[in-house]
Amino acid sequence: MGPLSAQTEPSAPEVGTARDVIIKADKAYNEKRYDEAVAGYQKFLGDFGASGEAKPLLPHVRYNLVAALMQTQKFGGAAEAIEEAQKRPEITPDKQENLSFWLGVSLMQTGDTVKAREALGQFMENFPRSRRREDAALLAATLLVTEGNKKDAATALAAIRKNPQSVHSGRAAVLELHSLIETGNDEAALELVTTEAARQDRITQLATFQALAMQLGERLLEQDKPREAIRVMQTISTQERLVEQQQRRLEEVKKRLEAIEADATPDVFERAQMRQIAREIEKELQNLQKAQGFDASVRFRMASAFHRQERYRECALLLDDMLRQMKPDTAVETASLSALQSWLAIERNDKAVETSLLFEKNFPQSKQLPLVLYLRGTAQQRADQFDEAIATFAALREKFPQSEQAPRAFFMEGFTQLLAERNEEAAATLAKFGEKHPDHELAEPANYWRGSALAFAKKFPEAREVLGAHAEKFPKGALLGAASFRQAYCAQSMKDYATAEAELKAYLAAYPDAQESNEARLLLGDALLAQAKSDEGKEIYAGIPAEAGRFHEDAQFKLAKVLKLEEDYEGLRDLMGKYLQAYPRSPRAAEALFLIGQSWRQEDQPDKAVAEYWKAIGDFGNDPEADSVEDLFIALGRLHKSDTEKHDHLAALRELRAKAEAEKQETLTVRSIWALGQAVKKSDPELSSALFREASALAKAETTNPLILADGAEAQLAGATAGDEESAGRREKAAQIYRDLLKWHPRAAQKDKALAALGRMAMEDGDRQAALDYYTRLERDIPWSTLMGEVLMTRALIESEAGNTDESAEAYTRLLAAESVPGKLKAQALLALGELEMARDRPQTAIPYYQRIYILYGKWRETVAKAYLRSGEAFEKINDLEAARKTYEELSKSEDLAALPEAQTARERLQKLGPPSGSIGPS
Amino acid sequence: MKTRFCIILLLLAAAPSLVADDEVRLKDGNTRKGRIVGMDETSFRLSLPGPVPGQSAGTTSIPRANVERIIFAPDRTLEAIRANPGPGALNTARVRWQTLQPMLAIPESRAGDAGNLYGECLRLTGESTRLEEALGVYAEVEQGAWNPADREDAKRGRLRTMIDLGRSQEVAAEIEQLATSAQDPDMLLDSKLLIASARLAAMQTLVADNPRWHEDPPVRAERLRLLNETADNALYPFLFHGTARGQAAKGLGILLELYQFTGDEEEARKVATDLTEIYSDSPEAEKAAEFLKKKTEKS
């Protein structure tokens, strides 16, 4: 309870009888003129208090005097008066209860805290059921806080807070939190804050409570308890919400205060309490509205806590928001940099770039800008935006040549050029770096990568020179081994096998367990064999351990190749047999078997070759994880040359199918039916299609080779040419198989086939958007596909039909640029581009397209004839009749094109145009 | 417990006259008290209070043209449904909605609220036919309710239902629009949660359609984009309005689902711990606790 305002001095009471004095004092009291009442009651006590006739009136007078003094907030006098009043046993118990409580309040107000607490204690003991009991408990606890006994205060306040009936639990929570923080009892403070988080609406001094929570959070952070700090700071509202809440609260308190004051005899304690609460909230609101960076301050601390927990996403999101919402200042500058680093930590490179751009905009003069630019370049590089990264690194060293990041950016510029496969540029940049920063810590990697860049650019002698000098330049370097290896690699690439051999041997002697050592062994084997040092080479290959993975496998097959050349068929079979035993499910198992088969054939024992294949099929035919079984069937088919052999092979496949079906070997059943389809593909295409359909109908897409699925889908489509119901059903089946293929085999070689077919079907169904979606996916995922021409051509037609001329032209242009597209389609695309230009009434632009056709694609006669004719027409349109005439003449005189209708049209045109100007005419 | 709740609801629904009366203020200055039990284009039907509490003295018709204003009494049935929405309250919510539906456009009526509560009960069943029905109810409230707040709630309900139905793509633009135009922080938080749910649903569909997504770089990139957008939006209430406890917990719930879906056990554990420690009173915390318990048992 805070200090209450002083009242004005009362006027002098009038002289009268004891009765008159009391009546007047009571009247003043009832009319809330408490100063007057006090004066009246005091006069009565002074003038008549000792008289016998006044005695019965004394209880009433003394009680009312106290009540009036309390109303006037004269607590010093009130305390004395209460002590006097309490001596009157005639005072009723309810009034005694009030007097007892008021005594505590008065003593508290006069600053006699110890006595006040004793009085309140007495009150609680004497009147345990009083409605004031909770008030007294809160006051007593508050007094403990005032006295500095915060430990006991916290205990007392906790009891009030935890009492669900207490109206003071909210106020107690604030005081308790304060006491706990002051006494360093962070654990209990944390418990309090998190418990109260769900019921903050009952805390009137919410802003104070949250400020204390922030203080606690900060301290927990200092103590390196980020998790606990987050728990605390999550309970803090935003400034806006807090203001809103407290404004609402203030309105409620004011209403309550109005109600108290409207009462005939206002409850003095409650009124004082409400006034104080209103004042506190008003003060909180003023402070809150003035406070700058309240939210930012909380968020920055939270971000810091998340950062310490390595929760970079949370950290970055918080900081990123800060730098977008807040005025740029030092704190935001630091936060921006942290946000950028956090985005990088979780590989959100796009966000990192965005944040760095914002940083540059907000803090163009910041000392951190070079670092920010460096991080931006790193993010761009990680996002494969090599050109952008190179530009960023270049800009950094140009703008901040003296910065710590400038040499790093220089190195990264070169390294990024290398990643972008701009090898010669990279070598040049890294060379310049070496010249400018010979002692920098990155000088050694720069030299190594410079040599590597030259090697990648196939400038082997230059690369060898750089790498050869590496050890001398950096005798204690970390990349000495790697440089030696790369140098030897260059010798090998230059076919200088003797040098390669010597250098690889030296390298392996010095770095037998280095990262590149097995690759070096493989190269050494190659170098030795290239010099006809067969035995030594074989020994090296054989020595590459199984743990070397791909290098071991390569070595095994290289070894097999040598054995084959040496006609050591037994050795070859032994080697490949062991390989198959060790890696039965390897994708190269079919290759191993093929080599074994070949060896038997070389020894004129084809039956044994066939038997090897059948054995492998028997072992792995029903194993869905053995990827190369389909290849075995294809290779097995090729072993049978004569008709008799082929018939026997078919019979064996049928037998296999029957056995697989009988034994319910699902995978083998599908494979054998498909293999039968493959076997009769040329001799009986219809039966082949039917078998493919059957195989695909039985196949489980997720475990079936996409080759079988694609053959099945194609066979379904082949049988769906009619417009009947059956065809529609087959078409739908084909679409489903293709969709399954895409779903379960995203890397299948048949993916483009599936996408193109689905696009085609969508087109046939009139769903152009779906078709375009499939084509877009094909263009994005398989740009090297041989179907690209068909796809781009269809796309161009769709766009053209939709009136999107630019998009159509763009598709044709991309088709022309695609390497995998056959000439015929390119010629058609050029013709279409010419037509688009003609339709736009731009004959001048159309002509070069037509000309390119007859210059570059003469093989496609029909298109060439059309191009000539349209070119002539275009010349006519621009009134270049001479050129038109020449074009028509070329067409009409071409022997290749003479039979085509365009040649006849050309002749008619020539006739119409007449002889060239200046000619004399037919002789 | 559930049965008891249902009985209470039924009692409340069956005894409208036990609750306070509506007050019809007429243009001539008079007032009529009772319970509005129906209306048509020209008049309101008022059930008049009888001499015995709980019994009606009959109904009377009041021409709409004579009515200045209706002050609707508090609706205890709706409050009871609101306290515990879900399949258990479905029948009561339906009855209440059907009763109040004609008053959707009448100022101060609770019809919009009733529609939204019924929609929520339908939505919480998770059954597709009921979700479709919820869409219809929300659409009706969105178009016809007098109260803009009810219309906004209905919009959010409709969008949530669309996400539940796996049709988030259809409403993607609408949700984005909601997020960018939201002035009210609550609406902003809700729209962020809607976006997070929609992105999570889209990611789940993407992965179902591409079970070997990790082998397909474009799909992998798309999945990563959806993952990031789910996480960023789901975290928004927690990070920026942690005291909006309901929404913050919902966001963390979505995040937990995301990490469980992606198999990121470590992140899931952190989020589950946030939920159990910071929002222990939320329904999401229960699920989080179960998750943590299973993890502990496993380890």
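Just so we're clear, the structure is a prediction, and the values are computed from it rather than from any experiment.

Engineer: Would you mind going over the overall build of chain B with me for this structure?
Structural biologist: Looking only at helices and strands, chain B has 12 helices and 5 strands in total. Within chain B, the fraction of its 299 residues that count as buried is 49%. Long-range pairs, those at least 24 residues apart, make up 53% of the contacts in chain B between residues at least 6 apart in sequence. On chain B, roughly 14,300 Å² of surface is accessible, and the fraction owed to carbon and sulfur atoms is 51%.

Engineer: In this structure, what is going on with the packing of helix α9 (residues 169–182) of chain A against helix α11 (residues 206–222) of chain A? I would like to understand it.
Structural biologist: If you want to describe how two helices pack, look at the angle between their axes and the distance between the axes. Residue and element names in this part refer to chain A. Put simply, α9 and α11 touch, their axes get as near as 9 Å, and they point 25° apart. With respect to α11, the element α9 is oriented roughly parallel. Where α9 crosses over α11, the two elements pack in a sense that is left-handed. Two secondary-structure elements touch here, α9 through A173, V174, L177, H178 and I181 and α11 through T208, F209, L212, A213, Q215, L216 and R219. Partitioned by chemical class, the residues of the contact of α9 with α11 number 8 nonpolar, 3 polar and 1 charged.

Engineer: Explain helix α26 (residues 480–493) of chain A here, please?
Structural biologist: Every α-helical turn comprises 3.6 residues, leaving residues that sit three or four positions apart pointing alike. Residue and element names in this part refer to chain A. An ideal rise of 1.5 Å per residue puts 20 Å on 14 residues; α26 measures up with 20 Å between its terminal C-alpha atoms. Burial within α26 is extensive, with 11 of its 14 residues counted as buried. Among all positions in α26, only L480, G481, A482, A483, F485, R486, Q487, A488, C490, A491 and Q492 are buried. Among the structural elements, α23 (443–456), α24 (460–468), α25 (470–473), α27 (497–510) and α28 (517–530) are those in contact with the buried residues of α26. One or two positions beyond α26, positive phi appears at K495, with a value near 60°.

Engineer: What am I meant to see in the pairing of strand β2 (residues 31–39) of chain B here?
Structural biologist: On a regular strand, one side chain projects to one face of the sheet and the next to the other, so that they alternate. Residue and element names in this part refer to chain B. Strand direction decides the pairing type here: strand β1 (residues 22–26) and β2, joined by 4 bridges, are antiparallel. Following the sheet pairing, E23 is matched in β2 by K33. Relative to strand β3 (residues 43–49), β2 runs antiparallel, the two being bridged by 4 bridges. Bridging from a neighbouring strand, R35 pairs with S47 of β3. In this structure, the hairpin formed by β2 and β3 is closed by a connection of 3 residues.

Engineer: Any chance you could explain helix α4 (residues 111–125) of chain B here in plain terms?
Structural biologist: Between its first and last C-alpha atoms α4(B) spans 21 Å; for 15 residues at 1.5 Å apiece the expected length is 21 Å, and the two agree. Of the residues flanking the end of α4(B), it is G126(B), one or two places downstream, whose phi is positive at about 75°.

Engineer: Which parts of the structure should I look at to understand the layout of surface pockets?
Structural biologist: Residues and elements named next belong to chain B. Each pocket or cavity is described by its volume, and for the largest pocket that value is around 1,800 Å³. In terms of lining residues, the largest pocket is bounded by 45 residues, among which E120, R123, R160, K250 and E284 are the most central. Sorting the residues of the lining of the largest pocket by element identifies α4, α6 (148–164), α8 (185–209), α10 (245–262) and α12 (283–298) as the ones contributing at least two each. A total of 10 residues in the lining of the largest pocket trace back to one element, the largest contributor, which is α10. For the lining of the largest pocket, a count of residues per class yields 17 nonpolar, 11 polar and 17 charged.

Engineer: Would you mind showing me how to read the packing of helix α44 (residues 823–839) of chain A against helix α46 (residues 861–877) of chain A here?
Structural biologist: Residues and elements named next belong to chain A. Two elements in contact, α44 and α46, have axes separated by 10 Å at closest approach and are oriented at 20°. Of the possible angle classes, the one that applies to α44 and α46 is roughly parallel. The two elements α44 and α46 meet at a crossing, and its hand is left-handed. Where α44 abuts α46, its residues A827, Q828, L831, E835 and M838 lie against T863, K866, A867, R870, A874 and K877. Residue composition of the contact of α44 with α46, grouped by class: 5 nonpolar, 2 polar and 4 charged.

Engineer: Whenever I open this one, the pattern of salt bridges confuses me. Can you help?
Structural biologist: Pairing is possible between side chains of opposite charge, provided their charged atoms come close. All told, the structure shown has 100 salt bridges over all chains when counted by the stated rule. One salt bridge connects R909(A) with E873(A), and the closest N-O pair in it is separated by 3.6 Å. With R909(A) in helix α48 (residues 901–913) and E873(A) in helix α46, this pair connects stretches of sequence that are 36 residues apart. Linking E222(B) and R225(B) is a salt bridge whose minimum nitrogen-to-oxygen distance equals 2.9 Å. One end of the pair is E222(B) and the other is R225(B), both in helix α9 (residues 217–240) and 3 residues apart, which spans about a single turn. Looking at E222(B), the relative accessible area reads 30%, which means it is partly exposed. Beyond isolated ion pairs, a larger network of salt bridges with shared partners links R227(A), R231(A), R311(A), E314(A), D274(B) and E277(B).

Engineer: Help me out: how do you make sense of the confidence of the model for chain B in this one?
Structural biologist: Keep in mind that low pLDDT regions are not for reading the predicted coordinates in detail. Residues and elements named next belong to chain B. Counting all residues, the mean pLDDT for chain B is 85, and 90% of those residues have values of 70 or more. The secondary-structure element of chain B with the lowest mean pLDDT is helix α1 (residues 2–14), recorded at 41, while α10 shows the highest, at 95. The low-confidence segment residues 1–19, where pLDDT is below 50, has 22 contacts with residues more than four positions distant or belonging to other chains. Our summary of model confidence lists the complex with pTM equal to 0.74 and ipTM equal to 0.76.

Engineer: I would appreciate a short explanation of the interface of chain A and chain B in the present structure.
Structural biologist: Often, the extent of an interface is quoted as the loss of accessible area on bringing the components together. Counting residues at the interface gives 36 residues for chain A, matched by 32 residues for chain B. Contact with chain B buries surface across chain A, with Q234(A), R241(A) and R313(A) losing the most and accounting together for 22% of the total. In this structure, the connection of chain A to chain B is made through 7 salt bridges. R313(A) is the partner of D232(B) in a salt bridge, and the nearest nitrogen-oxygen pair spans 3.1 Å. Elements with a minimum of two residues in the side of chain A that touches chain B: α12 (226–233), α15 (294–308), α16 (312–325), α39 (725–744) and α41 (768–781) of chain A. No other element matches the 5 residues that α16(A) contributes to the side of chain A that touches chain B.

Engineer: When you look at the nonpolar core in this model, what are you seeing that I'm missing?
Structural biologist: All names here are of chain A. With 122 residues, the main nonpolar core has M576, F633 and Y812 as its most contacted residues. Excluding residues that lie within four positions of it along the chain, M576 makes contacts with Q556, F557, A560, A592, L595 and I596. In this structure, L206, L373, A389 and A409 belong to the second largest nonpolar core, which totals 118 residues.

Engineer: For this particular structure, what's the right way to read empty space enclosed by the protein?
Structural biologist: The gaps of empty space that remain are located by a probe, the size of a water molecule, rolled over the atoms. Counted according to the given criterion, the structure contains 2 cavities of 30 Å³ or more. As a volume, the largest cavity reaches approximately 100 Å³. I236(A), V298(A), R299(A), L239(B) and F240(B) are, among the 14 residues lining the largest cavity, the residues nearest its centre. With 4 residues, α15(A) is the largest single contributor of residues to the lining of the largest cavity.

Engineer: Which parts of the structure should I look at to understand the packing of aromatic side chains?
Structural biologist: Two measures describe an aromatic ring pair: the distance that separates the ring centres and the angle between the ring planes. Applying the stated criterion across every chain yields a total of 21 aromatic pairs over all chains. Residues Y507(A) and Y511(A) carry aromatic rings whose centres are separated by 5.5 Å and whose planes lie at 40° to one another, so their mutual orientation is tilted. Y511(A) gets classed as partly exposed once you look at its relative accessible area, which sits at 30%. Summarising the aromatic geometry, the rings of Y236(B) and F240(B) are spaced 4.8 Å apart at their centres and angled 40° between planes, so their arrangement reads as tilted. Taken together, the residues Y236(B) and F240(B), both in helix α9 and 4 residues apart, mark about one turn of the helix.

Engineer: For this particular structure, what's the right way to read a positive patch on the surface?
Structural biologist: A cluster of basic side chains, namely R601(A), R638(A), K641(A), K646(A) and K682(A), defines a positive patch on the protein surface. Here K682(A) is to be found in the loop between α36 (666–679) and α37 (685–698).

Engineer: So what exactly am I meant to see when it comes to the environment of G136(B) here?
Structural biologist: Residue and element names in this part refer to chain B. Positionally, G136 belongs in helix α5 (residues 128–144). Here G136 falls in the partly exposed class, since its relative accessible area comes to 39%. In this structure the C-alpha to C-alpha distance between G136 and G115, which are 21 residues apart in sequence, comes to 9.9 Å.

Analysis parameters
- Residues numbered from 1 in each chain as written.
- Chains lettered and ligands numbered in written order.
- Predicted model: local features only at pLDDT ≥ 70, side-chain atom pairs only at ≥ 80, totals over all residues.
- Heavy atoms only, no water.
- Helix = DSSP H or I, 4+ residues; strand = E, 2+ residues; numbered from the N terminus.
- Buried < 20%, exposed > 50% of the residue type's maximum accessible area, 1.4 Å probe, protein only.
- Contact = heavy atoms within 4.5 Å.
- Areas by Shrake-Rupley, 256 points an atom, 1.4 Å probe, with all protein chains shown as cover.
- Axes fitted to C-alpha atoms, helices over the stretch in contact; angles between N-to-C directions.
- Parallel < 35°, antiparallel > 145°, perpendicular 65-115°, else oblique.
- Left-handed = near helix turned anticlockwise from the far one by under 90°.
- Nonpolar A, V, L, I, M, F, W, Y, C, P; charged D, E, K, R; others polar.
- Expected span 1.5 Å × (residues − 1).
- Pairing = 2+ DSSP bridges.
- 1 Å grid on protein atoms, 1.4 Å probe; cavity = no way out; pocket = protein on both sides within 12 Å on 5 of 7 lines; lining within 4 Å.
- Points joined across faces, edges and corners; volume = space filled by probe spheres on them.
- Salt bridge = Lys/Arg side-chain N within 4 Å of Asp/Glu carboxyl O.
- pLDDT = per-residue confidence, 0-100.
- Buried area = accessible area lost by both parts, 1.4 Å probe.
- Core = buried A, V, L, I, M, F, W, Y, C linked by side-chain atoms within 4.5 Å.
- Phe/Tyr/Trp six-rings, centres within 6.5 Å; stacked < 30°, edge-to-face > 60°.
- Patch = residues over 30% accessible without salt bridge, like charges linked within 9 Å, V, L, I, M, F, W, Y side chains within 5 Å.
- Lys, Arg positive; Asp, Glu negative; His and termini not counted.
- Charge placed at Lys NZ, Arg CZ, Asp CG, Glu CD.

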